[in-house]
Amino acid sequence: MEDHFSSMRFLLISALIVMVGVIITSMVGMAIKEELKGMAKPTLIFLLLFTATGKLFSFVQFIGFFGPLIGIILGFDAINRERVSRTLTKLVSQPIYRDSIINAKFLSGVTIIAVVFVAIVLLISGLGLRLIGVVPGSEEVSRLIIYIIISLLYISFWLGISILFSVIFRSTATSALAALALWIFFSFFVSLGAGVIADAAAPIGGAQVDPEVVVKHGEIQRTISLFSPMNLYSEATSTILDPMRKTTSSIILMGPLERISLSRFQNPLPLMQSLFIVIPHLISIVAITLLCFGVCYLIFMRQEIRTI
Amino acid sequence: MVGQNIIEVEGLTKKYGDQIAVNNLTLQIREGEVFGFLGPNGAGKTTTLLMLLGLTEPTSGKATVIGIDPTRNSFFVKEKIGFLPENVGFYDDMNARQNLQYVARLNRIPDEVSRQRIDYWLNLVGLLEEVEKKVGTYSKGMRQRLGIAEVMIKEPKLIFLDEPTIGLDPDGTNRMLDLIHSLSREKNITIFLSSHLLDQVQRICDRVGIMIKGDLVAMGPIVELAKKKLGIDKEHYTLEEIYMKYFKEA
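From a predicted model like this one, the values you see are computed outputs, not experimental measurements. Residue positions within a chain follow its written sequence, with the count starting from 1. Chain letters start at A and ligand numbers start at 1, both assigned in the order the entries are written. Owing to the predicted nature of the model, reporting of local features is limited to residues with pLDDT of at least 70; listing and counting of side-chain atom pairs is limited to 80 or more, with chain, interface and lining totals taken over all residues.

**Overview of the overall build of chain A**
So, point 1. Of the regular secondary structure elements, chain A holds 13 helices and 0 strands.
So, point 2. When the helices and strands of chain A are listed from N to C terminus, the series reads α-α-α-α-α-α-α-α-α-α-α-α-α.
So, point 3. Whether two residues are in contact depends on their C-beta atoms, placed from the backbone: they are in contact if these lie within 7 Å. The long-range share in chain A, meaning contacts at least 24 apart out of those at least 6 apart in sequence, stands at 81%. Only DSSP runs of H or I covering at least 4 residues are called helices, and only runs of E covering at least 2 are called strands; the numbering of each starts at the N terminus.

See the structure below:
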């Protein structure tokens with residue numbers, strides 16, 4: 001863990017995130033200030049700091065996209081760097097259990113991520129308090145805490161992936177590239193591919209559009225894109241942070257009841273209801289994180305010492 | 001000097017797939033002796049060491065190290081004995097003291113105790129002046145001596161050294177051998193070292209075992225082996241001659 005804090009790349013990445021966070025917040029903060037003028041009683045304004053898109057993207061979108069990179073950077077050479085410098089043989093010949101090595105790698109990574117992430121969120125909140133002068137209520141705070149937990153799980157998943165690659169591949173460069181390739185695949189190609197497959201399966205086009213086909217198109221696209229942890233994460237967090245969102249599905253896929261309720265009730269959803277909506281997403285994220293670490297653990301424990 | 005058996009190995013066999021790395025190995029090491037485990041590269045020396053440490057499981061056979069079965073209870077064996085792997089690695093961005101401190105903590109040695117031991121052993125291996133330098137700047141000989149200090153931090157009764165002099169220059173080799181010799185004579189530590197460099201082993205070992213292609217072809221004091229293989233009349237033998245004779249027969 002000491003290792004992580006003092007390493008150069010860790011400083012670089014946290015500096016980058018702090019910088020972007022601060023810039024986004026100040027931009028959003030000023031925009032909100034303008035809008036707030038003349039409004040009688042704003043609801044849950046504080047969360048807008050994280051979700052409002054500003055000029056480029058919101059903080060939540062930014063973490064959804066670059067969060068994986070933090071995980072990858074912290075984990076891609078966890079095991080194979082020790083292997084290359086021959087310290088792994090030394091470690092396993094000390095009186096410690098072999099699983100404590102891999103557990104320590106994972107846990108120290110998670111701790112670092114947690115510390116950094118909480119710090120950034122607090123920093124942005126503080127900045128937001130100064131800029132817009134709205135004190136967050138208890139519901140906003142609890143929504144933020146849930147958001148932090150989901151984000152931690154999500155980044156830990158990527159940490160797990162990169163540690164897994166560092167166990168499998170002997171060269172640090174290979175494992176870094178493999179993890180990055182997976183990241184790019186999930187962030188660009190899955191949503192791209194989802195569109196293509198949906199087009200092929202249920203083509204929309206021509207003058208007459210059959211509503212059924214449109215629905216089918218939307219369904220296929222959504223199902224496929226949910227294979228990407230990135231989409232899971234962004235749907236979950238945007239629902240949690242934006243109480244006005246009442247479902248994770250797009251307008252097209254809503255049933256008639258949902259549509260009625262959406263237009264009828266313009267009030268924000270209570271926290272528990274938001275949570276209910278994203279529970280499947282949450283469970284999926286926890287499951288893939290655990291699965292990933294489990295596979296990693298098994299492979300590491302079964303590796304023959306000569307290959308270590 | 002000759003004490004009880006500290007290592008007993010019976011019929012130890014290790015197969016990797018069809019390949020036999022160690023074949024039906026039986027040997028005893030007595031307390032306090034320096035045992036040289038000889039053989040060409042790939043003869044199964046390191047595999048044997050790893051099995052004695054419990055780091056890899058034997059296919060069949062039984063070993064007892066300081067009264068413990070390493071396959072069943074690797075944790076306690078690793079706690080009690082020292083192992084210096086071939087080309088030992090260090091954390092290059094830490095200095096010598098930090099490296100040793102880290103290993104001491106992994107061995108659950110309290111910091112107050114380990115601080116004294118670190119100074120003592122660094123002094124003994126002649127690295128006390130270089131203690132503040134990062135290990136990345138060390139020469140091969142210095143790293144190897146630091147390795148000895150690291151192994152001795154937990155003050156074991158028995159140490160395994162895997163090719164301790166490999167890649168060292170003549171001066172470094174001599175210092176290393178003297179160090180190993182003094183550990184045995186002054187601290188009465190049992191030393192089990194593997195090597196393919198024969199003249200060095202000859203200098204410091206009480207007994208040797210010669211291993212070729214997984215089989216232990218000879219074992220005993222060098223003088224006895226010389227008698228058996230080269231005839232008594234020859235006064236100036238070298239281990240190399242004995243070794244080559246065995247090697248050709250195998």
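**Regarding the interface of chain B and chain A**
When the parts of a complex come together, some accessible area is lost, and that lost area is often taken as the interface size.
So, point 1. Contact residues are listed per partner, giving 18 residues for chain B and 13 residues for chain A.
So, point 2. Where the side of chain B that touches chain A is concerned, the elements lending two or more residues are α1 (45-53), α2 (74-80) and α3 (96-106) of chain B.
So, point 3. Here the side of chain B that touches chain A takes 3 residues from α2 of chain B, the largest share from any one element.
So, point 4. Amino acids are sorted into nonpolar (Ala, Val, Leu, Ile, Met, Phe, Trp, Tyr, Cys and Pro), charged (Asp, Glu, Lys and Arg) and polar (every other residue, Gly among them). For the side of chain B that touches chain A, the residue count by class is 11 nonpolar, 4 polar and 3 charged.

**Some thoughts on the packing of helix α7 (residues 98-132) of chain A against helix α13 (residues 271-302) of chain A**
Residues and elements named next belong to chain A.
So, point 1. Orientation is described by lines fitted to C-alpha atoms, with helices fitted over the stretch in contact, and by angles between N-to-C directions that extend from 0 to 180 degrees. For the pair α7 and α13, the least separation of the axes is 10 Å and the interaxial angle reads 145 degrees. The handedness of the crossing between α7 and α13 is right-handed. Here Arg 98, Asp 99, Ile 102 and Phe 106 of α7 come into contact with α13, specifically with Phe 293, Cys 296, Tyr 297, Phe 300 and Met 301.
So, point 2. Its residues assigned to classes, the contact of α7 with α13 shows 7 nonpolar, no polar and 2 charged. Crossing handedness: left-handed means the near helix sits turned counterclockwise from the far one by under a right angle, and right-handed means the same turn made clockwise.

**Let's talk about the domain arrangement of chain B**
All names here are of chain B.
So, point 1. What marks off one domain from the next here is an automatic or database domain assignment. Taken domain by domain, chain B consists of domain 1 (1-81 + 163-250) and domain 2 (87-155).
So, point 2. Averaged C-alpha coordinates put domain 1 and domain 2 at centres separated by 26 Å.
So, point 3. Each partner contributes to the interface: domain 1 provides 8 residues, whereas domain 2 provides 6 residues.
So, point 4. Residues that form the side of domain 1 that touches domain 2 fall into these classes: 4 nonpolar, 2 polar and 2 charged.

**Section: the environment of Leu 106 of chain B**
So, point 1. Within the secondary structure layout, Leu 106 of chain B lies in helix α3.
So, point 2. Each C-alpha atom of the pair Leu 106 of chain B and Asn 87 of chain B lies 20 Å from the other, and the pair is 19 residues apart in sequence.
So, point 3. What Leu 106 of chain B contacts, discounting residues up to four positions off in sequence, is Gln 94 and Ile 96 of chain A.

**Here's the deal with the nonpolar core**
So, point 1. Note on terminology: a nonpolar core is a set of buried residues of type Ala, Val, Leu, Ile, Met, Phe, Trp, Tyr or Cys, with members joined through C-beta atoms within 7 Å. Between the buried cut of 20 or more and the exposed cut of 12 or fewer other C-beta atoms within 10 Å of a residue's own C-beta lies the partly exposed class, and all C-beta atoms are placed from the backbone. Counting residues in each nonpolar core, the largest one holds 72 residues, and the members touching the most others are Ala 149, Ile 159, Phe 160, Ile 191 and Phe 192 of chain B.
So, point 2. When we break this core down by domain, the ones giving at least three residues each are domain 1 (1-81 + 163-250) and domain 2 (87-155) of chain B.
So, point 3. Of all hydrophobic cores here, the second largest spans 61 residues; its members include Phe 50, Ile 72, Leu 74 and Ala 78 of chain A.

**A look at the sheet that holds strand β7 (residues 190-195) of chain B**
All names here are of chain B.
So, point 1. Taking strand neighbours across the sheet as the criterion, the 6 strands line up as β5-β6-β7-β3-β8-β9 in an open arrangement whose pairing is mixed. Bordering the open sheet on either side are β5 (82-84) and β9 (215-221), each of which pairs with just one other strand. Each strand axis lies, on average, 15 degrees off the axis of its neighbour in the sheet, ignoring direction.
So, point 2. At least two DSSP bridges between two strands are needed for those strands to be called paired. Here 4 bridges tie strand β3 (residues 34-38) to strand β8 (residues 207-212), and the two strands are oriented parallel to one another. Note that in β8 the partner of Leu 38 across the bridge is Ile 210.
So, point 3. Contacting β3, β5, β6 (158-162), β7 and β8, α1 runs over the sheet at an angle of about 150 degrees to β6.
So, point 4. Packed onto the sheet, helix α9 (residues 239-249) meets β3, β8 and β9 and runs at close to 30 degrees relative to β8.

**Digging into the sheet that holds strand β1 (residues 5-16) of chain B**
Residue and element names in this part refer to chain B.
So, point 1. Taken together, the 3 strands give an open sheet; going across it, the order is β2-β1-β4, and neighbouring strands pair in antiparallel fashion. Since the sheet does not close on itself, it has two edges, and those belong to β2 (19-30) and β4 (60-65), each with one partner. Direction aside, neighbouring strands of the sheet carry axes that sit 15 degrees apart on average.
So, point 2. Pairing geometry for β1 and β2, over 8 bridges, is antiparallel. Its bridge partner being in β2, Tyr 16 is matched across the sheet by Gln 19.

**Details of the environment of Ala 198 of chain A**
So, point 1. Tracing the backbone through its elements, the reader meets Ala 198 of chain A in helix α9 (residues 172-201).
So, point 2. Non-local contacts of Ala 198 of chain A, meaning those with residues more than four positions away in its chain, are made with His 217, Ile 220 and Gln 221 of chain A.

**Section: helix α6 (residues 170-187) of chain B**
Residues and elements named next belong to chain B.
So, point 1. For a helix, the expected span equals 1.5 Å multiplied by the residue count minus one. Along its 18 residues, α6 runs 25 Å from first to last C-alpha, staying within 8% of the 26 Å computed at 1.5 Å per residue.
So, point 2. Those residues of α6 that sit buried are Thr 173, Met 176, Ile 180, Leu 183 and Ser 184. Buried residues along α6 cover an arc of 90 degrees about the axis, so they all sit on one side. Turned more than 90 degrees away from the buried face of α6 sit Pro 170, Asp 171, Asp 178 and Glu 186, all of them exposed.
So, point 3. Against β3, α5 (140-152), β6, β7 and α7 (198-204) lie the buried residues of α6.
So, point 4. Asn 188 lies just past α6 and shows a positive phi near 55 degrees. Picture the helix axis, draw a direction to every C-beta atom, and the arc is the one those directions span.

**Describing the packing of α7 of chain A against helix α8 (residues 138-168) of chain A**
All names here are of chain A.
So, point 1. Between α7 and α8, the shortest axis-to-axis distance is 10 Å and the interhelical angle comes to 145 degrees. Considering the relative orientation of α7 and α8, their crossing is right-handed. Between α7 and α8, the contacting residues are Lys 105, Phe 106, Gly 109, Val 110, Ile 113, Ala 114, Phe 117, Val 118 and Val 121 on the first element and Leu 144, Ile 148, Ser 151, Leu 152, Ile 155, Ser 156, Leu 159, Gly 160 and Ile 163 on the second.
So, point 2. Its residues placed into classes, the contact of α7 with α8 shows 13 nonpolar, 4 polar and 1 charged.

**A short note on α3 of chain B**
Residues and elements named next belong to chain B.
So, point 1. Looking only at α3, the buried set comprises Ala 96, Asn 99, Leu 100, Tyr 102, Val 103 and Ala 104.
So, point 2. Of the surrounding elements, those touching the buried residues of α3 are α4 (111-124) and α5.
So, point 3. Of the residues trailing α3, Arg 108 is marked for its positive phi of about 55 degrees.

**Here's the deal with the pairing of β8 of chain B**
Residues and elements named next belong to chain B.
So, point 1. Here 6 bridges tie β8 to β9, and the two strands are oriented antiparallel to one another. Pairing of Gly 209 across the sheet is with Met 219, part of β9.
So, point 2. Once β8 ends, the chain turns through 2 residues before running back antiparallel as β9, passing Lys 213 with a positive phi of about 50 degrees.

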